[in-house]
Amino acid sequence: MKRYLLTTALIALPMVFSQSALADCTPDFLGDGATVTCTGADSDGFVQETLNGVTVDVLFGATVENTDDDVIRVADSLFLTNDGTIAVAGGDGDGIDAGDGAFIDNFGDIVATVKGIDIAGELSWLGNHGAITTGDDAVEATTAIVENFGSIVSGGKALDIDEFLDLANYSDITADSDAVEAGWGYIYNEGAILSGNKAIDFDEWLELENYGSIETTDGDAVEAGDDAAIVNWEAGTIIATNKGIDVGDFLLLENHGLIESTAGEGVEAEHTAYIENYGTILGFDDAVQVGEDAEIYNFGVMENTQTQADLDADPSLEAQDALDIDSGYVLNDFTGVIRSTTNAAIDFDPSELVDTPDEVVSYIENYGIISGTVGVETDVDATQDIVVINYGLLESTTQGVADPTGLAVNLRGGDDVFAASSIGTVIGGGNLGAGDDLLTLGGADFSGVFGGVGSLFDGGDDYDTFEAYDYTFEMLSVVLDGDILDLSFDNGFDVFSLRLTNFEGFLFDEGQVFKTYAEVAALASPVPLPAGLVLLGTGLAGLGLMRRRAG
């Protein structure tokens, strides 16, 4: 009928044409590069799939609809500005369907039962100030640049981009499936990205700067491949039921806000991760789990949120750590807290770099709080070299007079070093395990029992050395209790003691004086007998004397 009006009846019915132009997209039939204006109500859409370079303007108050088909469909190079409504009235159809090179500014509403915007190639620009609401994916393209000031609500994926995506979001993106999925690209978020599955899912690299909220109710909040770079600012929240952040190698993460998983890891990365945390990272599983050669700088909180009540309620759960690492460097600064109430604060898995050219010595430098059932733990099969230096609080929460078996450090295999400063506090004993290990105490202000009453420091197998750097051999007194040396140092100001076993070498006076185990043990006095036993012995001796006299 429209073709007839535009050809045969155009001259005969000028008034009819004028009225239909006000209530339709005009013209319906045209060539490449033409401009189409929609000013009223159009019930059969604008479907010209062979045309290229078409400009479509849907004016304020106009409604363009179609049933069981796409509402607007052209070939390549679509230029669309929508101030009205583009809607699928019934059945299945996309709101906008085009080929390569689409430029879309939406200030109105785009409503579709299937896809809101389906671009076969490059979505050169989507500026959304209105609302895009769909039953399936809201926006699908090969590559895309998207700036969102409005709302994108999808029954599928909000943004489904095969390759490159550059997204700036200042408002709301909500999806039942993945909210933002792409191959690689950039995301700047000041708004809310909410998902029923993964909030952000990139196959390869991702650069993310977040001031808003990124949240999922069933999946990872942020997932990407290698080379992810993420900054989460003070107001930023990344919250997931599975993993807060799950990426590959070479993660760069700077966190000032909140990253949390209510059922999994807060942050999980593969190898060579670099993390600066000034905010809070929480995980029901590990707060942070990283692989080889990681660098962790913690000025905030890394905490496993499991409780003993959780473990009691679900026997299938395993107790988890705050930081799980294969190898690398950890600095926990004065304001830093690394804590687990159900397992180790820091746990080293076996390193695959041991005995390879890439082998690294792992370091922990603590000025803050490291607290767990074991402070620093290693898996049974771990053999890497580990250095732990403590200036802060390093504690086992199981250590106490009633049960003095808690371990501040359990380092097992490898040539390990545990260095403790007198300005710090160690609660719990230590197991240095196999390898040539060193326990060194620095500073002249120790007092009381190092590690707590009943704690024991075991050098383990091989040749192990104890060093009291700021104390002389002459300040030492020794009590030998089986194979345990109970050492006590008195420098004229304070007295402190500690219990050692399986140490072969001893250094004093800034490392200038060396003594063997035999030389230290030679200072030993026997363990004093309890008073009752002394009296009993005296009585028995007296009884013997009386018998001899009676004889």
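Note that the structure is predicted; figures quoted are calculated from it, not measured. (Residues numbered from 1 in each chain as written. Predicted model: local features only at pLDDT ≥ 70, side-chain atom pairs only at ≥ 80, totals over all residues. Heavy atoms only, no water.)

Engineer: Just give me the short version of the overall build of the protein chain, but keep the residues and values in it.
Structural biologist: Looking only at helices and strands, the protein chain has five helices and 62 strands in total. In summary, the protein chain has a C-alpha radius of gyration of 36 Å against a globular reference of 24 Å for 551 residues, an excess of more than 25%. Projected onto its principal axes, the C-alpha coordinates of the protein chain cover approximately 155 × 45 × 35 Å. Across the 551 residues in the protein chain, those meeting the buried criterion constitute 52%. (Helix = DSSP H or I, 4+ residues; strand = E, 2+ residues; numbered from the N terminus. Rg over C-alpha atoms; globule rule 2.2 N^0.38 Å. Buried < 20%, exposed > 50% of the residue type's maximum accessible area, 1.4 Å probe, protein only.)

Engineer: Talk me through the state of the cysteines; I want residue IDs and the actual numbers.
Structural biologist: The final tally for this structure, using the stated rule, is one disulfide. With a sulfur-sulfur separation of 1.9 Å, Cys25 is cross-linked through a disulfide to Cys38. In this structure, the disulfide formed by Cys25 and Cys38 twists by about 110° around the S-S bond and is classed as right-handed. Remark: Cys38 occurs in strand E2 (residues 35–38) and Cys25 occurs in strand E1 (residues 25–26); sequence separation between them is 13 residues. (Disulfide = S-S within 2.5 Å.)

Engineer: Before we move on, can you summarise the packing of aromatic side chains with the specific residues and values?
Structural biologist: All told, the structure shown has 23 aromatic pairs when counted by the stated rule. Ring geometry for Tyr211 versus Trp233: centroids 5.9 Å apart, planes at 20°, classification stacked. One end of the pair, Tyr211, is in the loop between strand E26 (206–210) and strand E27 (213–216); the other, Trp233, is in the loop between strand E29 (229–232) and strand E30 (237–240), and 22 residues separate them in sequence. The partly exposed category is assigned to Trp233, whose relative accessible area is 23%. Taken together, Phe418, Phe446, Phe450, Phe457, Phe466, Tyr471, Phe473, Phe489, Phe496, Phe506 and Phe508 form an aromatic cluster joined through their ring pairs. The ring of Phe473 has Lys515 sitting right over it, with the charged end atom 4.7 Å from the ring centre. (Phe/Tyr/Trp six-rings, centres within 6.5 Å; stacked < 30°, edge-to-face > 60°. Lys NZ or Arg CZ within 6 Å of the ring centre and 35° of its normal.)

Engineer: Now, about the side chain of Thr465: what can you tell me, with residues and values included?
Structural biologist: Within the element layout of this structure, Thr465 appears in strand E56 (residues 465–468). Under the relative-accessibility criterion, Thr465 is labelled buried at 14%. Residues contacting Thr465, with those up to four places away along its chain left out, are Asp437, Leu438, Leu439, Phe503, Gly505, Phe506 and Leu507. (Contact = heavy atoms within 4.5 Å.)

Engineer: So, the side chain of Ser421: which residues are in play, and what are the values?
Structural biologist: Mapped onto the secondary structure, Ser421 falls in strand E50 (residues 417–421). The class of Ser421 is buried, set by a relative accessible area of 13%. With sequence-adjacent residues up to four places away left out, Ser421 is seen in contact with Asn390, Tyr391, Gly442 and Phe446.

Engineer: Could you give an account of the pairing of strand E21 (residues 172–175), naming the residues involved and the relevant values?
Structural biologist: Residue alternation in E21 divides its side chains into a buried set, Ile173 and Ala175, and an unburied set, Asp172 and Thr174. With four bridges connecting them, strand E18 (residues 151–154) and E21 associate as parallel partners. Note that in E21 the partner of Ser151 across the bridge is Asp172. (Pairing = 2+ DSSP bridges.)

It is worth stressing that arrangement in space is one thing and function is another; only the former is reported here.
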